[in-house]
Amino acid sequence: MTMIFGVPLAVLSGQLLIGFINGAFYALLSLGLAIIFGLLKIINFAHGAMYMLGALLTVVMFNTLGVNYWVALFMAPLLVGVFGVLIEYFLLRRIAGQDHIYSLLLTFGVALIIQGVLTNIYGVSGLRYAMPDMFKGGIKLDFMFLPYYRAWVIVVALLVCFGTWFMIEKTKLGAYLRAGTEDSQLMQGFGINVPLLVSLTYGFGVALAAFAGVLAAPIYSVTPGMGANTLIVVFAVVVIGGMGSIGGAIITGIMMGVIEGLTKTFYPPASSAVIFLVMVVVLMFRPSGLFGKEA
Amino acid sequence: AISDNTVKIGYLADMSGTYRDLAGPNGLKALQMAIKDFGGTVNGAKIEVLSADDRNNPDASSSTVRRWVENDKVDMVAGLVASSVTIAVSKILEENDRLGIVSGSAASSITNEHCTPNHIHYVYDTYPLANGTASAVVKEGGKSWYLMTADYAFGHALEADVTRVVEANGGEIVGSVRHPFPTQDFSSFVLQAQASGADVVGLANAGSDTTNAITTASEFGVTQAGQTLAALLLFLTDVHALGVDTAQGIQLTTGWYWDMNDDTREWSDRFMKETGVRPTMVHAGIYSSTLHYLNAVAAAGSDDAQTVRKQMMDTPINDMFATNGRIREDGRMVHDMYLAEVKTPAESKNEWDLYKILRTIPADEAYRPLSESKCKLVTN
Amino acid sequence: MSQSFNPADVRKAIIDQQKAQDRRKMLLNGVLLLLLLAAPFAMYPVFLMKILCFALFAVAFNLLFGFTGLLSFGHAAFLATGGYTTGYLLSNYSGLTTEVGIIAGTLVATTLGLAFALLSIRRQGIYFAMVTLALAQLVYFFFVQSEFTGGEDGMHGIPRGHLFGLIDLSKNLNMYYFVLAVFIGCYLLVQRIVSSPYGQVLKAIKQNEPRAVSLGYNVDRYKVLAFVISAALAGLAGSMKSVVFQLASLNDAHWHMSGEVILMTLVGGMGTLLGPVVGATFVVNIEYQLSQGPLRDWVNPILGGIFVLTVLAFRSGIVGEIQKFLRKNLG
Amino acid sequence: MSQNPQKDYEQLRVSGLHAFYGESHILHGVDLVVKRGELVTLLGRNGAGRSTTLKAIMNMVGRRTGSIMINGEETMQCAPHHIARLGVGYCPEHRGIFSSLNVQENLTLPPVVRSGGMSLEDIYNMFPNLYERRFSQGTKLSGGEQQMLAMARILRTGANMLLLDEITEGLAPVIVEKLGEVLMALKEKGLTIILVEQNFHFAAPLADRHYVVEHGQIVEEIHADELSAKQSVLDGYLGV
Amino acid sequence: MSEQFVLETRNLVKEFKGFVAVDNVNLQVRQGDIHALIGPNGAGKTTVFNLLTKFLSPTRGQILYHGEDITSLKSAAIARKGIVRSFQISAVFPHMTALENIRIALQTAEGTSFSFWKSGASLNRLNQRCMELLDSVGLIEFANTTTVELAYGRKRALELATTLAMEPKLLLLDEPTQGMGSEDVERVVELVRKAAAGRTVLMVEHNLSVVSKLCDRITVLAQGAVLTEGDYQAVSADPRVREVYMGSDGSGERGGKSPAEQAEAAQ
Ligand SMILES: Nc1ncnc2c1ncn2[C@@H]1O[C@H](COP(=O)(O)OP(=O)(O)OP(=O)(O)O)[C@@H](O)[C@H]1O
Ligand SMILES: Nc1ncnc2c1ncn2[C@@H]1O[C@H](COP(=O)(O)OP(=O)(O)OP(=O)(O)O)[C@@H](O)[C@H]1O
Ligand SMILES: [Mg+2]
Ligand SMILES: [Mg+2]
């Protein structure tokens, strides 16, 4: 068997694929964060909580109302999106135009509240969510067993990422959004309802996180705390990509998934630190991230 | 005599963080059940309970306990989950000569290198968990092992224990991976475990790491492909979260299970009425240890730490929680442990019907023998 | 040009105004000092020391954030480094007197601060915050992995020892007055720094960096120095904390700690001298009170609520809002 | 400028307008009236409140009191985006070119609020420089080109009342001249224009009337034909 | 021959991703002159300033100061050599008083700027000099006013005073009168004239009346390259300059001059 640095090629290919899948996941999460930062200049520390809400809602809606996976895939992001709009409307709007740090603290506070309340309701051990029947099993590839569900995750995550990127970079609505973030007052002066646009954008950004949450529900332990650690990593991804760069968030997300996967193969203990190491190195040479515009 | 005519118990546990379900608010309920069952007073003295969230933070906890001990005259501290908190608190208790009963912590070092004459480790520790599960699995033919170890002191200790037991029983560790704590996605590691071709995949981790690893293993068809999963530290709450669908067939060691006999069932019915959930071994242990403590106070007629501890050590423990229980001089309460297997969906009749007990591990075999102890209280 | 104002008069007026301000400040500080000296007789000394350590930590952070405009999201690294170093030395070398251990802890934190500063100082705004966070995560990773820290069990049983080999610090009162002295020394130092010629330059850099460059200031060097001083003081806070509690744990290195010090500073009032002290007192107290009381299961959501409320309603923090109120009502 | 009958239509009436930025009270009761097809300037010293007047009309200041009628409709309660939809085009003091958009995106950004705006083609004919650089990033244009872009983009929307703030600032004289021609052309088309200008030399030949603003109030109104007669008064106000 | 020039650039080039913003500029500024840099928008004037003060790095070419090559020096080092600029947008320290603004500049020469242990009172001996500088720009009554509260023109005046505090040998002014009413324009012209005594000044300015009144020598840039150079008379007579810059009436006047003054200025 061909070996690369003592690792069989087959294993390595499997790891690369797994890394790629996780990368698609990161991409989805960091995309929402990048949109919210890029377009609204809000550092959304509630993003992890929204991801968790997506997963938790999926489980809770199933347990109480019997809502199935496919409906949840649509409903959970919608509900979380609406929740996001409310947060924007009642809280974030009041600190518009203030220093970034305030949005960071505010959303961090919101995350603590959501997480704390849900911990008291649902505990920390996690909730059960069975894999939908049609995704049970997998494909036997040459080098690994690929569960159907992972294949589905990668397809749907990439589609959503691409669709979002297209909407923001290539459509008129996207142009409104980009311009609105530079000078929202002026955009309003042109006849565009910027406050509404801002609410919707925040709602959309967190809905993306919730969407990732739904995707996560069958494969990860669903607990109120599940977003907290993911958050910091996803933040790192956005920063490496260049805060606010939509395409950058997607590409970096995938890249980091792969790098992390390789680290898990060659030196597993470092796999949670490697992203931060990459971040330090990248920012040494590119102060605004890989795809960021100079400030 | 009982100081200021009150027995004060401080309950310190994680009320809001990662270990909340293990002891947490429900542990406080168990403690209060014990006091009620005892009758509410000891030799006419009041029993008072203080409680606090340990925030999983040793310095916050040590301020709390210092104040409890120095200002509030607390006689005994119960609960105690995160090992960093337990160790910090036990030092303060030693300094001030009060008693601590540790029910939540897993680290076997608590009665080993960190032992003090002022605390008792009651429910379980990693040694019997690793010991029981590993030797049972090896004996059933799981000779070659692949270990997934949480990369921190606790995981390392567990790994060392397992390795020793596996090798002693004629098995072999063919590979291992140290994953960061915490990890959400285990697919890389599961893939490596599959590639290793080992008979058994041992999980030397805890909490959400373990449940995530098990979920991923099930998704990647680890057991279908003929490998056995052995979880070295798995609680009832974890299995409940995973569901029998995912967790079926996993073997584990536990100190207690709610559905073992009429006594356990009777008590856990009462507990469930209070809390809405079935008790874990930690909840039961808090109940049992509190009763044992109060009985000792009553018998000794004093709440002085050393007097009570001696009394507790001199009295064997046989109640709904423990069979053949006794407290050794290192503070370790040893009692029978049980090898259990997670039921299949067909066997499980309700959401809490999760284990079948395969066999009993006698108290003397289960725990680390005193001859291997590094505790300063043990003279070999 | 108009000559209706005599330069000398104006200058005198300025100086008079400053003097009046100074007198008021002196008075306030005097009252505070008396309170602090008397405090251990009314309150639990270890708890007071905890407050002082966190207050020093917040003061250190504020020097960088409030007065230089640099948001470090990695200050936990210095707190923890100071604590672990001091703890390690005092536990393993019984010949060392306590102050040597503390100084050594501070020095190691200072060196780490220099390394952080050199790696991060050229990044702007949020990128700066994120680089410091990333570096702190690497430090955290190191502490988790290292044997000497005791991993997640923490480092326990650090001896308090004798100050200068003479004063027995295991007595809480002795320890308290030592911590208080160090704290006051540092507080005065920061006060001095802020008003020093160097402090003026920091202020200028915070307000308009390109302009400061065009006036010939090599701003990076000034920022590095501020970062290093801040790291040193944070390390000192960590060192003292480890001696007070006789333990050092991973909690101090976790990014939540970096977040907490931001909260303390903001709640108290960033960019004010007293703000971080008030903020630290407030946050430490509230966490303690909550974790004891009937709301102990609700500590996190309540803290979250405080974050939200501070940001929405008291953005200038407790001290900042009071100052605003006084300015408005007293002219 | 010949009087034409359409001009009697009152496009804008501002009365008793006060405006505040936080604590500071900037406008102290501004009154002015602009008829359709008129070009009116607001003159005054730095900080007199001319820009603030335009912003207040757009509802872009902190707080306002008084009355602003556009096409006979009270707008004090309207959000800025509604005001734009009434046919008001605003060109801000500092151009407001969006750096995340290229020139063409900048140009097509403001939504069309009424029919009768210029087509993209007309605009490129009027400003050939913009056509040449239509795919460059908006803020990489030179100052003059940015100013043309800022003007051009509100012409597309069909707005029939333009609020223009210091559009000649920092421009080379040739371009100033060119802008003068553009404004003349727009006036011919019947657009109403309110011009805030520092450069009186530029504004004088274009305007029908001048308002002089001082300390947040209108202190003088001068018709084009009175200009020479009131030159000294004006010089006094402007501090020449 | 380069001795007589304070500042000289040799074949200075700046490219932005293929776009040549500054194209082989050879600028020569004589000792004691007020030298203007004019040209249409986008000609590259600000970019040249940015190159001279190293806010941008040249793609090619050399910058000489008193014959010494300073191409590789950093911004702050250049400032310390006595080349100080003002900004196109007003640059002050907004939350400091006018006096403190100036003191920051004076402090550079003190050598105590890293002395974090020194008392703030050690700076008070600079106050005398601050007052003189404030007086020279007519701001003495605002010495103790926080700068945000100053009107725009006064901020510009303060900025200039701050710049002068640096005792610059070569003063770079980017559109010092931009956005000012005629009153303020007058004041700035006076200020610059005063400031120029004993110094060399290089300025960018679109207001030709200011240029004509102040400047000894004018360089016209167009499309990144030098179009022509000379005194006001010569330059304004050049048909190419009229075409690309001044426009048909050739005066480029602004600021509400009376016709009489315009005529005077045009001479
Ligand atoms: N956002 C703001 N916040 C507070 N005060 C402001 C703000 N914008 C303007 N001002 C103040 O309002 C007053 C009027 O400003 P305005 O911009 O209307 O003046 P202007 O007549 O247009 O003069 P300029 O020539 O400076 O543009 C000034 O004193 C200015 O300082
Ligand atoms: N960072 C940049 N990236 C790309 N192009 C740039 C950049 N900065 C300036 N330019 C281009 O370089 C040219 C010269 O710009 P510069 O700002 O020097 O002009 P200027 O002569 O100062 O004009 P103005 O009179 O409008 O201030 C312009 O065409 C501009 O688009
Ligand atoms: Mg204006
Ligand atoms: Mg320019």
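Quick notes on the rules
- Residues numbered from 1 in each chain as written.
- Chains lettered and ligands numbered in written order.
- Predicted model: local features only at pLDDT ≥ 70, side-chain atom pairs only at ≥ 80, totals over all residues.
- Heavy atoms only, no water.
- Donors = N, O, S within 2.8 Å, 3.2 Å for Na, K, Ca; no water.
- Helix = DSSP H or I, 4+ residues; strand = E, 2+ residues; numbered from the N terminus.
- Axes fitted to C-alpha atoms, helices over the stretch in contact; angles between N-to-C directions.
- Parallel < 35°, antiparallel > 145°, perpendicular 65-115°, else oblique.
- Contact = heavy atoms within 4.5 Å.
- Nonpolar A, V, L, I, M, F, W, Y, C, P; charged D, E, K, R; others polar.
- Buried area = accessible area lost by both parts, 1.4 Å probe.
- Salt bridge = Lys/Arg side-chain N within 4 Å of Asp/Glu carboxyl O.
- Polar contact = N/O pair within 3.5 Å; in protein donor to acceptor, adjacent residues only side chain to side chain.
- Near = heavy atom within 4 Å.
- Areas by Shrake-Rupley, 256 points an atom, 1.4 Å probe, with all protein chains shown as cover.
- Buried < 20%, exposed > 50% of the residue type's maximum accessible area, 1.4 Å probe, protein only.
- Pairing = 2+ DSSP bridges.
- Expected span 1.5 Å × (residues − 1).
- Phe/Tyr/Trp six-rings, centres within 6.5 Å; stacked < 30°, edge-to-face > 60°.
- UniProt positions renumbered as here; feature names shortened; annotations may be inferred.

Chemist: Summarise the coordination of the magnesium ion (ligand 3); cite the residues concerned and give the values.
Modeler: Surrounding the magnesium ion (ligand 3) are the protein donor atoms Ser51(D) (OG) and Glu93(D) (OE), which sit 1.8 to 2.3 Å from the metal. Of this pair, Ser51(D) sits in helix α1 (residues 50–57) while Glu93(D) sits in the loop between β6 (88–91) and α3 (103–108), and the two are 42 residues apart along the sequence.

Chemist: Help me get a handle on the packing of helix α9 (residues 262–275) of chain B against helix α10 (residues 281–300) of chain B, residues and values and all.
Modeler: Residues and elements named next belong to chain B. Where α9 meets α10, the closest approach of the two axes is 12 Å, and the angle between their N-to-C directions is 105°. With respect to α10, the element α9 is oriented roughly perpendicular. Note on element contacts: α10 touches α9 through His 283, Ala 284 and Tyr 287, opposite Trp 267, Arg 270 and Phe 271. The class makeup of the residues in the contact of α9 with α10 is four nonpolar, one polar and one charged.

Chemist: Describe the interface of chain E and chain C, and please don't skip the residues or the numbers.
Modeler: Listed as interface residues are 49 residues of chain E and, on the opposing side, 34 residues of chain C. Its largest share of buried area at the contact with chain C, chain E owes to Phe93(E), Phe114(E) and Phe116(E), together 19% of the area lost on that side. Between chain E and chain C we count one salt bridge in total. Lys203(C) is the salt-bridge partner of Glu100(E), the closest N and O atoms lying 3.9 Å from each other. Our count for the contact surface shared by chain E and chain C stands at 10 residue pairs in polar contact (both at pLDDT 80 or more). Sort the elements by how many residues they give to the side of chain E that touches chain C and helix α3 (residues 98–107) of chain E lands first, with six residues. Across the side of chain E that touches chain C, the residue classes tally to 22 nonpolar, 18 polar and nine charged.

Chemist: How would you sum up the site of ligand 1? Please name residues and give values.
Modeler: Residue and element names in this part refer to chain D. Around ligand 1 there are 13 residues in total, and Asn 46, Gly 47, Ser 51, Thr 52 and Glu 93 lie nearest to it. With respect to ligand 1, the backbone of Gly 49 contributes an N or O atom lying 2.8 Å from an oxygen atom. Taking Gln 198, its side chain carries an N or O atom lying 3.5 Å from an oxygen atom of ligand 1. Taken by itself ligand 1 offers 630 Å² of open surface, and the protein chains cover 63% of this. No other element matches α1, which puts three residues into the shell around ligand 1. Residues belonging to the shell around ligand 1 are distributed by class as follows: three nonpolar, six polar and four charged.

Chemist: With reference to specific residues and values, describe the pairing of strand β14 (residues 337–342) of chain B.
Modeler: All names here are of chain B. The element β14 is largely enclosed, with a buried count of six among its six residues. Residues Met 337, Leu 339 and Glu 341 line one face of β14 and the alternating positions Tyr 338, Ala 340 and Val 342 line the opposite face, and both faces are buried. Both strand β11 (residues 251–254) and β14 contribute to a ladder of four bridges, which runs antiparallel. Within β14, the position partnered with Thr 253 by the bridge is Leu 339.

Chemist: Residues and numbers for the site of ligand 2, please.
Modeler: For ligand 2, the set of nearby residues contains 18 residues, the closest of which are Lys140(D), Gly44(E), Lys45(E), Thr46(E) and Thr47(E). Those residues lying near ligand 2 are distributed over chains D and E. Between ligand 2 and the protein, one listed contact pairs an oxygen atom with a side-chain N or O atom of Thr47(E) at 2.4 Å. The contact in question runs from an oxygen atom of ligand 2 to an N or O atom on the side chain of His206(E), over 2.9 Å. When ligand 2 is considered free in solution it has 640 Å² of accessible area, and contact with the protein chains removes 81% of it. Residues belonging to the shell around ligand 2 are distributed by class as follows: five nonpolar, nine polar and four charged.

Chemist: Lay out unusual backbone geometry with the relevant residues and their values.
Modeler: Going from Phe181(B) to Pro182(B), the amide bond is cis rather than trans, its omega being -10°. Among the structural elements, Pro182(B) can be located in the loop between β8 (172–179) and α6 (187–196). Positive phi values are uncommon outside glycine, yet Asp4(B) reaches one of about 30°. Considering the arrangement of structural elements, one finds Asp4(B) in the segment before β1 (6–13). The exposure class of Asp4(B) is partly exposed, given its relative accessible area of 47%. Unusually for a residue other than glycine, His66(E) sits at a positive phi of about 50°. Judged by its relative accessible area of 40%, His66(E) is partly exposed.

Chemist: Which residues make up helix α5 (residues 125–145) of chain C, and what values do they have?
Modeler: Compared with the 30 Å implied by 1.5 Å per residue over 21 residues, the 31 Å span of α5(C) between its first and last C-alpha is a close match. Most of α5(C) is tucked away: 16 of the 21 residues are buried.

Chemist: Report on α10(B), specifying residues and quantitative values.
Modeler: All names here are of chain B. Helix length check: α10, at 20 residues, gives a terminal C-alpha distance of 28 Å against a target of 28 Å (1.5 Å per residue), a fit within 8%. Counting buried positions along α10 yields 16 of 20 residues, so the element is predominantly enclosed. Following α10 by one or two positions, Gly 301 adopts a phi angle in the positive range, close to 65°.

Chemist: Summarise the sheet that holds β1(B); cite the residues concerned and give the values.
Modeler: Residue and element names in this part refer to chain B. Taking strand neighbours across the sheet as the criterion, the six strands line up as β2-β3-β1-β4-β5-β6 in an open arrangement whose pairing is mixed. Each edge of the sheet is formed by a strand with only one pairing partner; in this case those strands are β2 (41–42) and β6 (119–121). Bridge count for β2 against strand β3 (residues 45–53) is two bridges, and the pairing is antiparallel. From the neighbouring strand, Val 42 faces β3, where its bridge partner is Ala 45. Strands in contact with helix α3 (residues 83–96) are β1, β4 (76–79), β5 (99–102) and β6; relative to β5, the strand with the most contacts, it is inclined by about 160°.

Chemist: Describe the packing of aromatic side chains, listing the residues and the values that go with them.
Modeler: Evaluated as defined, the whole model comprises 42 aromatic pairs over all chains. Where Trp70(A) meets Phe135(A), the ring centres are 5.7 Å apart and the plane angle is 40°; that geometry is what we call tilted. Here Phe135(A) lies in the loop between α4 (100–122) and β3 (138–140) and Trp70(A) lies in helix α3 (residues 69–90), a separation of 65 residues in the sequence. On the basis of relative accessibility, which here comes to 5%, the residue Phe135(A) falls in the buried class. Ring centres 6.0 Å apart and planes at 75° place the aromatic pair Trp256(B) and Trp267(B) in the edge-to-face group. Taken as a pair, Trp256(B) in the loop between β11 and α9 and Trp267(B) in helix α9 lie far apart in primary sequence, 11 residues in all. The two residues Trp256(B) and Trp267(B) agree in class, both being buried. One aromatic cluster is present, built from ring pairs that chain together Phe45(A), Phe108(A), Phe235(A), Phe73(C), Trp255(C) and Phe307(C).

Chemist: Report on the side chain of Arg332(B), specifying residues and quantitative values.
Modeler: All names here are of chain B. Structurally, Arg 332 is set in the loop between β12 (326–327) and β13 (333–334). Overall, Arg 332 belongs to the buried group, its relative accessible area being 1%. Excluding residues within four positions of it along the chain, Arg 332 makes contact with Thr 111, His 121, Tyr 122, Val 123, Tyr 124, Asp 125, Arg 326, Ile 327 and Tyr 367.

Chemist: Can you explain the arrangement of the chains? Please cite residues and give values.
Modeler: If you rank the six pairs of chains in contact by how many contacts each has, first place goes to chains C and E. A gap remains between chain C and chain D, which never touch, and the nearest two C-alpha atoms on either side lie 11 Å apart. Taking C-alpha atoms only, the smallest gap left between chain A and chain E, which are not in contact, amounts to 13 Å.

Chemist: Describe the environment of Glu197(D), naming the residues involved and giving the relevant values.
Modeler: All names here are of chain D. Secondary-structure assignment places Glu 197 in the loop between β8 (192–196) and α8 (200–203). Owing to a relative accessible area of 1%, Glu 197 belongs among the buried residues under this scheme. C-alpha separation for the pair Glu 197 and Ile 167, spaced 30 residues apart in sequence, amounts to 7.4 Å. Each residue touching Glu 197, except ones within four places of it in the same chain, is listed here: Leu 42, Leu 43, Arg 50, Glu 166, Ile 167, Thr 168, Phe 202 and Ala 203. A polar side-chain atom of Glu 197 sits 3.0 Å from a polar atom in the side chain of Thr 168.

Chemist: Requested: an account of the UniProt feature "transmembrane region" (unreviewed entry) in chain C, with residues and values cited.
Modeler: Residues and elements named next belong to chain C. Here, the residues flagged by UniProt with the feature "transmembrane region" (unreviewed entry) are residues 26–47, 54–80, 100–119, 126–143, 173–190, 224–249, 261–286 and 298–318. Helix makes up 74% of residues 54–80 and strand 0%. Its end C-alpha atoms lie 12 Å apart. As a span, residues 173–190 carries 100% helix and 0% strand, and end to end its C-alpha atoms are 25 Å apart.

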